[in-house]
Amino acid sequence: VGILDAHGEEMVALGPGCFFGEIALLENIERTATIAAKMFCTTLLLSKQKFEEVEKMYPQPIQEIRKAAQPRIDEVLAAQSSDKAKLIQSVP
């Protein structure tokens, strides 16, 4: 699968064992990326509720996911904060 930018261009290719959507689950925010399959693949859909159940049973792997995702989470939250500030400044 590939992670696409706003223009539909591939920014990053993901291979077997990779994951996506973790930022929305970890930070309870809307998804931050668009994903496109390049060929047939099998994916797993994990709801927020199921994710939290897995986290209770297996906290260590979830902490590893959080650690791997933290730089991107920081980037997304900073961008959201900046966007809010711009919106507030534009309101008369």
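In this numbering scheme, every chain counts its residues from 1 along its sequence in written order. In keeping with the predicted nature of the model, local features appear solely for residues at pLDDT of at least 70, side-chain atom pairs appear and are counted solely at 80 or more, and the whole-chain, interface and lining totals rest on all residues. Hydrogens are left out, water is left out, and the side-chain values use all remaining heavy atoms of the structure.

## Regarding the confidence of the model for the protein
1) Next: Taken as a whole, the protein shows an average pLDDT of 83; of its residues, 89% reach a score of 70 or greater.
2) Next: For every residue, the predictor assigns a confidence score, pLDDT, that lies between 0 and 100. Counting from the N terminus, the helices are the DSSP runs of H or I reaching at least four residues and the strands are the DSSP runs of E reaching at least two. Mean pLDDT per element in the protein: helix α3 (residues 59-90) is the minimum at 79, and helix α2 (residues 48-57) is the maximum at 92.

## Structural notes on the sheet that holds strand β2 (residues 10-13)
1) Next: The 3 strands lie next to each other as β2-β1-β3, forming an open sheet whose pairing is antiparallel. Every other strand in the sheet has two partners, leaving β2 and β3 (34-36) as the edge strands with one partner each. Strand-to-strand twist of the sheet, defined as the mean angle between neighbouring strand axes without regard to direction, takes the value 35°.
2) Next: Relative to β2, strand β1 (residues 2-4) is paired through 3 bridges, and the arrangement is antiparallel. Residue L4 lies in a different strand from β2, and its bridge partner there is E10. When DSSP finds two or more bridges between a pair of strands, those strands are recorded as paired. Helix axes are fitted to C-alpha atoms over the stretch in contact, other axes to C-alpha atoms as well, and angles between N-to-C directions run from 0 to 180 degrees.

## A closer look at the environment of I23
1) Next: Topologically, I23 is positioned in helix α1 (residues 22-27).
2) Next: Whether a residue is buried, partly exposed or exposed follows from its accessible area with a 1.4 Å probe, protein chains only, as a fraction of its type maximum: under 20%, in between, or over 50%, in that order. Accessibility expressed as a relative area gives 4% for I23, which makes it buried.
3) Next: A sequence separation of 49 residues divides I23 from R72, and the C-alpha atoms of the two residues are 7.9 Å apart.

## Side note on unusual backbone geometry
1) Next: Even without a glycine there, the phi angle at N28 is positive, about 55°.
2) Next: By the element assignment, N28 lies in the loop between α1 and β3.
3) Next: Residue classification places N28 among the exposed positions, given a relative accessible area of 61%.

## Quick notes on the nonpolar core
1) Next: I23, L25, L26, I29, F51, I62, A69, I73 and V76 together form the largest nonpolar core, which totals 9 residues.
2) Next: Secondary-structure elements contributing two or more residues to this core are α1 and α3.
3) Next: Sorting elements by how many residues they give to this core places α3 first, with 4 residues.
4) Next: Any pair of residues with heavy atoms lying within 4.5 Å of one another is described as a contacting pair. With residues near it in sequence (within four places) discarded, L25 still touches L46, S47, K48 and F51. Throughout, nonpolar core names a set of buried Ala, Val, Leu, Ile, Met, Phe, Trp, Tyr and Cys residues whose side chains join them through atoms within 4.5 Å.

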